[in-house]
Amino acid sequence: MKITMYTAGICLLLLTGNCMHVQATAVNTLKHAANEGEWKKSPNGSWPGMKDGKTYWYKLDKKGGLWWSTDGEKWEAVKEGAWADKEGKWLKIHNKKLVWSADGKTWSEVPQWQWQASDGKWYKFDNKWGLWVNG
């Protein structure tokens, strides 16, 4: 009975012109499902990112400053304070929030402070800027 009602509801949505909404919801659900799993505290507090075709490792200091390294041993402050995710969006910490931008001009808060890094893994910050990894 539940399956029949569910199927009838889907058909009704499709027939009433809400197909795009249903499709978008399904895509968002799949993206979110791919991002759900077991989150673990990052053992070294760093994540990878690409810049100019080269992998850099990033980490935050205790004051929220961003640092990068090509080898994970020698670190330098990132003057711009930003890094890129897997899709090429820029991320940075601004006004105590994680924000991102596709063009470097318009910034918005990152949902759940989660992003996919260049290694395909998902990362997120907690409210104390602790780094967590999923994958």
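Our subject is the structure that appears above.
Notes on the structure in this doc start here. (Residues numbered from 1 in each chain as written. Predicted model: local features only at pLDDT ≥ 70, side-chain atom pairs only at ≥ 80, totals over all residues. Heavy atoms only, no water.)

## Quick notes on the nonpolar core
Ranked by size, the top nonpolar core spans 19 residues in total, and within it Trp 47, Tyr 58, Trp 83, Leu 98, Trp 115 and Phe 125 carry the most contacts. Where this core is concerned, the elements lending two or more residues are strand S3 (54-60), strand S4 (66-69), strand S8 (97-101), strand S11 (122-125) and strand S12 (131-134). Looking at which element gives the most residues to this core, the answer is S3, with three residues. (Core = buried A, V, L, I, M, F, W, Y, C linked by side-chain atoms within 4.5 Å. Buried < 20%, exposed > 50% of the residue type's maximum accessible area, 1.4 Å probe, protein only. Helix = DSSP H or I, 4+ residues; strand = E, 2+ residues; numbered from the N terminus.)

## Topic: the pairing of strand S7 (residues 90-94)
In terms of strand pairing, strand S6 (residues 82-84) meets S7 through three bridges, oriented antiparallel. Counterpart to Ala 82 in the pairing with S7 is Lys 92. As consecutive antiparallel partners, S6 and S7 are separated by five residues, and within that stretch Gly 88 has a phi angle of approximately 90°, a positive value. By the bridge criterion, five bridges tie S7 to S8 in an arrangement that is antiparallel. By the bridge assignment for S8, Ile 93 is matched with Leu 98. Here S7 folds back onto S8, and the loop between the two strands holds two residues, one of which, Asn 95, carries a positive phi near 55°. (Pairing = 2+ DSSP bridges.)

## Concerning the packing of aromatic side chains
Scanning the model with the defined rule gives 13 aromatic pairs in all. Judged by centre distance (6.1 Å) and plane angle (20°), the ring pair of Trp 47 and Tyr 58 falls under stacked. In this pair, Trp 47 sits in strand S2 (residues 46-51) while Tyr 58 sits in strand S3, placing the two residues eleven residues apart along the sequence. Overall, Trp 47 belongs to the buried group, its relative accessible area being 0%. (Phe/Tyr/Trp six-rings, centres within 6.5 Å; stacked < 30°, edge-to-face > 60°.)

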